Protein chains: 2
Amino acid sequence: MPHKFRSYAERAQKHPNAAARALLETIDRKKSNLCVSVDVTAKADFLNIIDVVGPYVCLVKTHVDIIEDFEPSIIATLQDLSKKHDFLIFEDRKFADIGNTVALQYASGVHKIASWSHITNAHPVPGPSIITGLASVGKPLGRGLLLLAEMSTKGSLATGSYTEEAVKMARAHNDFVIGFIAQRSMNGIGKNPDDVEDDDDFLVLTPGVGLDVKGDAMGQQYRTPEEVLTAGCDVIIVGRGIYGKGADVDIQAVQAQAERYRAAGWSAYEKLLQL
Amino acid sequence: MPHKFRSYAERAQKHPNAAARALLETIDRKKSNLCVSVDVTAKADFLNIIDVVGPYVCLVKTHVDIIEDFEPSIIATLQDLSKKHDFLIFEDRKFADIGNTVALQYASGVHKIASWSHITNAHPVPGPSIITGLASVGKPLGRGLLLLAEMSTKGSLATGSYTEEAVKMARAHNDFVIGFIAQRSMNGIGKNPDDVEDDDDFLVLTPGVGLDVKGDAMGQQYRTPEEVLTAGCDVIIVGRGIYGKGADVDIQAVQAQAERYRAAGWSAYEKLLQL
């Protein structure tokens, strides 16, 4: 049996992980389940877009490894913006290596992701050692990890037993794994029919959300905020639907799109709450 | 039916991909199927180890994203060492995102991987768009891509139909995909029994090779060079088995280990050639 639909606020009170709690509280406080994915390669565009969309989002998703003129001060500014606009940071690193290597990639290098990213993600394909490797760095810092249980691309191999194994791995490490990148609720997946207790409370963050488009040339497919919330997702991830190409940001247009997606995501949530 | 065992030199003559050809020629010329994985976080250690092991290897595998004091001159020095010692470079990035994003991660950011890494790798989990995204950047540069068809970690999900789908994806894009990270030959896998022609010539690079150890605390498992060559692998990947912790490199000890692994890998190859 699925859970009764619970509010973000109720889940925030009970969630054991600090990063998950902080995200649920931010969603509730800002009435926003919108995460903006900021996929631009110039530092100035990156920071401009985040400053403009900041008031409308619970979470900013980054790919700092695509920024051409990356330097450590970008992170300091990003952290300032995170405080100014009250959002969390999610470096979408998609770690996918063995435990020893991901621990180094998470902690070290020029990007030092663990030191500033509240939430990050990993593919379950290497097996549980990827979680223990990342947890050795992230858990002492109060970070949270999402596993990629499904992908929104055509021909994705993250289906069926792959998805089930991802959920089992998460459940076995739910002191650090707070949820998934997926297309629907993952609570209860991979459990035996005998398991009567269902105390899963995995967060589900969902990319491939759009109000205007159905797909791109590189295999990405889109659904509406209402479709994904109804499927049991918690956070909608939107990128170029909000800021277009990202250069020469038209502040008013980007604000309008960010508010449009925030309102669509929140309205879909409120409908479900009233059912 | 499996192919008759073919020499690296014979395969080099016939391989359609420039990066694969270059690797096979290097292996033959240097009598080395050894790739050293250089997983250290200090620039000085990174370059020292590569300069010491360079004469013994066909390929140097890097994780430039773990180097704390990374700056662009490291790449220039790495390229100089590649020419001096006659080896190719393989950034073990394990790309794992959608097509648009991996194209940016491959071309852009502080690391600009496509501009210097002859070979890189990707997980097939997002579906074929990850290959077309990377090919849009790497193919014009004559680069080659490896897919992760299997992993050497405990509980890996890259098994069964996942592995088969990886091989089918590679076969459909064999103008850019030159082979796999895997534990055995992938030629013929995922083909219909009716397919009589078997013209696959995928390179297989294999991590988890050790002469002295059987496993580490983070889930990595080890096999000998002879075991992996006999299973149909082409290149053995060895890391700390050669350079230990990596700081204060004992040049003679590291040279001795590199030569030991080169000789073990080559002797396993020569045995197979004589069968």
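Reading the values: rules and limits
- Residues numbered from 1 in each chain as written.
- Chains lettered and ligands numbered in written order.
- Predicted model: local features only at pLDDT ≥ 70, side-chain atom pairs only at ≥ 80, totals over all residues.
- Heavy atoms only, no water.
- UniProt positions renumbered as here; feature names shortened; annotations may be inferred.
- Pairing = 2+ DSSP bridges.
- Helix = DSSP H or I, 4+ residues; strand = E, 2+ residues; numbered from the N terminus.
- Axes fitted to C-alpha atoms, helices over the stretch in contact; angles between N-to-C directions.
- Contact = heavy atoms within 4.5 Å.
- Buried < 20%, exposed > 50% of the residue type's maximum accessible area, 1.4 Å probe, protein only.
- Right-handed = clockwise from strand over helix to strand, strands pointing away.
- 1 Å grid on protein atoms, 1.4 Å probe; cavity = no way out; pocket = protein on both sides within 12 Å on 5 of 7 lines; lining within 4 Å.
- Polar contact = N/O pair within 3.5 Å; in protein donor to acceptor, adjacent residues only side chain to side chain.
- Phe/Tyr/Trp six-rings, centres within 6.5 Å; stacked < 30°, edge-to-face > 60°.
- Points joined across faces, edges and corners; volume = space filled by probe spheres on them.
- Nonpolar A, V, L, I, M, F, W, Y, C, P; charged D, E, K, R; others polar.
- Least-squares fit on C-alpha atoms with pLDDT ≥ 70 in both.
- Disulfide = S-S within 2.5 Å.
- Buried area = accessible area lost by both parts, 1.4 Å probe.
- Salt bridge = Lys/Arg side-chain N within 4 Å of Asp/Glu carboxyl O.

Where an unreviewed UniProt entry is consulted, chain A appears under the name Orotidine 5'-phosphate decarboxylase, with the organism given as Steccherinum ochraceum. As stated in UniProt under Sequence similarities (unreviewed entry), the record for chain A gives "Belongs to the OMP decarboxylase family." Taken from UniProt, the Catalytic activity (unreviewed entry) comment for chain A reads in full: "orotidine 5'-phosphate + H(+) = UMP + CO2".

Draft legend 1. The arrangement of the sheet that holds strand S2 (residues 59-62) of chain A in detail. All names here are of chain A. If you walk around this closed barrel you meet the eight strands as S1-S2-S3-S4-S5-S6-S7-S8, and the pairing is parallel. When strand polarity is set aside, the average angle formed by the axes of neighbouring strands in this sheet is 30°. In the sheet, strand S1 (residues 34-38) pairs with S2 via four bridges, with the strands oriented parallel. Bridging across to S2, Cys-35 finds its partner in Leu-59.

Draft legend 2. Representation of the sheet that holds strand S5 (residues 144-148) of chain B. Residue and element names in this part refer to chain B. If you trace the eight strands once around the closed barrel, you get S1-S2-S3-S4-S5-S6-S7-S8, paired in parallel fashion. Taken over all neighbouring pairs, the strand axes of this sheet differ in orientation by 25° on average, direction set aside. Of the strand pairs in this sheet, strand S2 (residues 59-62) and strand S3 (residues 88-95) are connected by four bridges, and their pairing is parallel. Across the sheet, the residue bridging to Lys-61 is Phe-90, located in S3. Its contacts with the sheet put helix H2 (residues 18-30) on S2, S3, strand S4 (119-122), S5, strand S6 (177-181), strand S7 (203-206) and strand S8 (235-238), and the angle it makes with S3 is roughly 130°.

Draft legend 3. Molecular detail of the pairing of strand S6 (residues 177-181) of chain A. Residues and elements named next belong to chain A. Burial within S6 is extensive, with five of its five residues counted as buried. The sheet contact formed by strand S5 (residues 144-148) and S6 spans four bridges and is parallel. Looking at S6, one finds that Leu-145 is bridged to Val-177. The handedness of the S5 to S6 crossover, carried by helix H7 (residues 161-172), is right-handed. Across three bridges, S6 lies against strand S7 (residues 203-206) in parallel orientation. When the sheet's bridge partners are listed, Gly-179 is paired in S7 with Leu-203.

Draft legend 4. Representation of the UniProt feature "active site" (unreviewed entry) in chain A within the structure. According to UniProt, the feature "active site" (unreviewed entry) maps to Asp-92, Lys-94 and Asp-97 of chain A in the numbering used here. Residues from the annotated list that form part of the lining of the largest pocket: Asp-92 and Lys-94 of chain A. If sequence neighbours within four positions are ignored, Asp-92 of chain A has contacts with Lys-61, Thr-62, His-63 and Asn-121 of chain A together with Asp-97 of chain B. Note on Asp-97 of chain A: relative accessible area 4%, which makes it buried. Within the local environment of Asp-97 of chain A, its side chain forms a polar contact with the side chain of Lys-94 of chain B, the two groups lying 2.8 Å apart.

Draft legend 5. Structural detail: the packing of aromatic side chains. A complete count under the given rule lists 13 aromatic pairs over all chains for this structure. Residues Phe-95 of chain A and Tyr-106 of chain A carry aromatic rings whose centres are separated by 5.5 Å and whose planes lie at 70° to one another, so their mutual orientation is edge-to-face. A residue pair is termed long-range when its members are at least 10 positions apart, and Phe-95 of chain A in strand S3 (residues 88-95) and Tyr-106 of chain A in helix H5 (residues 99-107) qualify at eleven residues. The pair Phe-95 of chain A / Tyr-106 of chain A is uniform in exposure class, with both members buried. Note on Tyr-162 of chain A and Tyr-162 of chain B: the rings are 5.7 Å apart at their centroids and 5° apart in plane angle, and the pair reads as stacked. Here the residue Tyr-162 of chain A occupies a position in helix H7, and Tyr-162 of chain B occupies one in helix H7 (residues 161-172), the pair thus bridging two chains. Each member of the pair Tyr-162 of chain A and Tyr-162 of chain B is classed as buried.

Draft legend 6. Representation of the layout of surface pockets in the model. Reported here for the largest pocket is a volume of approximately 770 Å³. Taken together, 37 residues make up the lining of the largest pocket; nearest its centre are Asp-39, Tyr-222 and Arg-240 of chain A together with Ile-98 and Asn-100 of chain B. The residue inventory of the lining of the largest pocket, partitioned by class, reads 14 nonpolar, 13 polar and ten charged.

Draft legend 7. Structural view of the side chain of Asp-97 of chain A. Mapped onto the secondary structure, Asp-97 of chain A falls in the loop between S3 and H5. When sequence neighbours within four positions are dropped, the list of residues in contact with Asp-97 of chain A reads Val-102, Gln-105, Pro-126 and Ile-130 of chain A together with His-63, Asp-92, Lys-94 and Met-151 of chain B.

Draft legend 8. Main features of the relation of the copies chain A and chain B. The transformation that overlays chain A on chain B combines an axial shift of 0.0 Å with a rotation of 180°, and the residual RMSD is 0.0 Å. Both copies of the chain, as the preceding transformation shows, are related through a two-fold rotation axis. Judged by C-alpha distance, Ala-96 of chain A is the residue of chain A that lies nearest the rotation axis, at 3.6 Å. Here 100% of the interface residues in chain A have copies in chain B that are interface residues too; the copies meet face to matching face.

Draft legend 9. Quick look at the environment of Gly-142 of chain B. Residues and elements named next belong to chain B. On the secondary structure map, Gly-142 appears in the loop between helix H6 (129-138) and S5. On the basis of relative accessible area, Gly-142 is assigned to the partly exposed category, the value being 32%. Expressed as a C-alpha distance, the spacing of Gly-142 and Val-40, which sit 102 residues apart in the sequence, is 28 Å. Not counting the four nearest positions on each side in its chain, Gly-142 is found in contact with Ala-18 and Ala-19.

Draft legend 10. Quick look at the state of the cysteines. All names here are of chain A. Across all of its chains, the model carries zero disulfides over all chains by this definition. Cys-233 takes part in no disulfide bond, and the closest cysteine sulfur to it belongs to Cys-35, at a distance of 13 Å. The exposure class assigned to Cys-233 is buried, which follows from its relative accessible area of 2%.

Draft legend 11. Representation of the pairing of S3 of chain A in the model. Residue and element names in this part refer to chain A. The buried fraction of S3 amounts to eight of the eight residues, a majority that puts the element mostly inside the structure. Crossover S2 to S3 through helix H4 (residues 72-85) is right-handed. Traced from S3 through H5 to strand S4 (residues 119-122), the parallel crossover comes out right-handed.

Draft legend 12. The arrangement of the interface of chain A and chain B in detail. Listed per partner, the contact involves 47 residues of chain A and 47 residues of chain B. Around 3,700 Å² of area is buried between chain A and chain B when both sides are counted, 60% of it from carbon and sulfur atoms. Run the count over chain A and chain B and you get six salt bridges. In this structure, Glu-68 of chain A and Lys-112 of chain B form a salt bridge, with 2.7 Å as the shortest nitrogen-oxygen distance. One can count 17 residue pairs in polar contact (both at pLDDT 80 or more) joining chain A with chain B. Elements that contribute at least two residues to the side of chain A that touches chain B include exactly S3, H5, helix H6 (129-138) and H7 of chain A. If you tally residues by element for the side of chain A that touches chain B, the top one is H5 of chain A, at five residues. Of the residues assigned to the side of chain A that touches chain B, the class counts are 17 nonpolar, 19 polar and eleven charged.

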